[in-house]
2 protein chains.
Amino acid sequence: MEKYVQILKKNCLKVTPQRLEILKYLDTHRTHPTADTIYSNLKNNNPSLSKTTVYNTLQHLDEHGLVYTLTISGSESRFDSNINPHHHFLCKICSNIIDIDIECPNVKKVEVGGHRIDEVHGYFKGVCASCLKESNNGED
Amino acid sequence: MEKYVQILKKNCLKVTPQRLEILKYLDTHRTHPTADTIYSNLKNNNPSLSKTTVYNTLQHLDEHGLVYTLTISGSESRFDSNINPHHHFLCKICSNIIDIDIECPNVKKVEVGGHRIDEVHGYFKGVCASCLKESNNGED
DNA sequence: CCTTTAATTTGTAATCATTACAATATGATA
DNA sequence: TATCATATTGTAATGATTACAAATTAAAGG
Ligand SMILES: [Mn+2]
Ligand SMILES: [Mn+2]
Ligand SMILES: [Zn+2]
Ligand SMILES: [Zn+2]
């Protein structure tokens, strides 16, 4: 837990139990959860937690580069505490979001056509390996 | 206009005045408009047009691969009738979405890690050249 | 320890994009 | 021209996110 305290302090963010819990959740659940998923799971052990706090905290963490906000689904934001540059795959069957570790010459770009680049997102959409296998079994 | 009639027929989509107008709008406005922008602009000359029709039509066009739905902004879908594979840049100042014609070895991928890829989206976010110039002028 | 203060948390209400639905209208086909 | 499946329309509902104001609390200093 001390780890998360240091992360907050290093970023001049006030240390609160809520923020520590959210940081820990993101660090230990690399499933790209939604704000609501984080809220629901933490609510059990933190009954007073407010959903607004989850949204506010995620926004702060994003602004300080501590999490990465994914807009791959179009209907809801997904949050990633793996801030190493990497791409993502969204399965249109099971909705899982999977890390794609693929060679990409553009992931570290800081400028293109005179535009200053702050973030790079590589999104792939389709059917994941697991769901492909499922649908093949069904055709036996 | 015959051009759009043919596109619809070729895709087994019933030809309606609303669909023709929406197709034409997308073809002549390569600004990645939102559904609401399309609706507001067409409403002037088509007073009976319903926003639901715009959403329905865009969904049909997307399903038939006639438009590309961008989720770069996170808060609203943007639509692109340029279905040539290309990447996009979102300016966090002016909110414009700009085509990025950049060499990318992953844009034509159909499989990765056993996952079947149907769509590839390359999203860059930052400050566009025009807004960068603006902010430099302000600092004179 | 106390005090102070600015920042955070909380609950609720509001917003905004999108979807559901049912009644009406209309393209396509014969 | 009759038929019918499909499209359009208006309105209501949904769901994620944000706005807001009151209550709470972390951090800093004495
Ligand atoms: Mn990830
Ligand atoms: Mn484009
Ligand atoms: Zn899947
Ligand atoms: Zn700009």
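Criteria and thresholds
Residues numbered from 1 in each chain as written. Chains lettered and ligands numbered in written order. Predicted model: local features only at pLDDT ≥ 70, side-chain atom pairs only at ≥ 80, totals over all residues. Heavy atoms only, no water. Helix = DSSP H or I, 4+ residues; strand = E, 2+ residues; numbered from the N terminus. Buried < 20%, exposed > 50% of the residue type's maximum accessible area, 1.4 Å probe, protein only. Near = heavy atom within 4 Å. Nonpolar A, V, L, I, M, F, W, Y, C, P; charged D, E, K, R; others polar. Contact = heavy atoms within 4.5 Å. Buried area = accessible area lost by both parts, 1.4 Å probe. Salt bridge = Lys/Arg side-chain N within 4 Å of Asp/Glu carboxyl O. Polar contact = N/O pair within 3.5 Å; in protein donor to acceptor, adjacent residues only side chain to side chain.

(A) Focus on the overall build of chain A. Each helix and strand in chain A was counted, giving five helices and six strands. Along chain A, from the amino end to the carboxyl end, the secondary structure elements read α-α-α-α-β-β-β-β-β-β-α. Along the longest, intermediate and shortest principal axes, the C-alpha atoms of chain A span 55 × 45 × 25 Å. Looking at chain A as a whole, 42% of its 140 residues are labelled buried.

(B) Region of interest: the protein's contact with DNA strand C. Within the structure, DNA strand C sits among 17 residues, and T16(A), R19(A), T53(A), Y55(B) and S77(B) are positioned closest to it. Backbone atoms, meaning sugar plus phosphate, form 77% of the atoms of DNA strand C positioned within 4 Å of the protein. Looking at the surface near DNA strand C, the elements with two or more residues in it are helix 2 (17-28) and helix 4 (51-63) of chain A together with helix 4 (51-63) of chain B. Among the elements that make up the surface near DNA strand C, the one with the highest residue count is helix 4 of chain A (three residues). Here the surface near DNA strand C is built from residues that sort into three nonpolar, ten polar and four charged.

(C) Structural context of the interface of chain A and chain B. Tallying the contact residues gives 32 residues for chain A and 32 residues for chain B. For the chain A and chain B pair, buried surface summed over both sides reaches about 2,700 Å², with 59% attributable to carbon and sulfur atoms. For the pair chain A and chain B, the interface holds two salt bridges. Between D118(A) and K92(B) there is a salt bridge, and its shortest N-O distance comes to 2.9 Å. At the junction of chain A and chain B, the tally comes to 15 residue pairs in polar contact (both at pLDDT 80 or more). Listing elements by their share of the side of chain A that touches chain B, those giving two or more residues are strand 4 (97-100), strand 6 (115-127) and helix 5 (129-138) of chain A.

(D) Focus on the side chain of H32(A). All names here are of chain A. Looking at the element boundaries, H32 is found in the loop between helix 2 and helix 3 (35-43). A residue is classified by how much of its surface remains accessible, and H32, at 2% relative accessible area, is buried. A polar atom in the side chain of H32 sits 3.2 Å from the side chain of H88. Engagement of the side chain of H32 in a polar contact is seen with the side chain of D99, the distance being 3.0 Å. When near neighbours in sequence (up to four residues on either side) are disregarded, H32 contacts L70, R78, F79, D80, H86, H88, I97 and D99.

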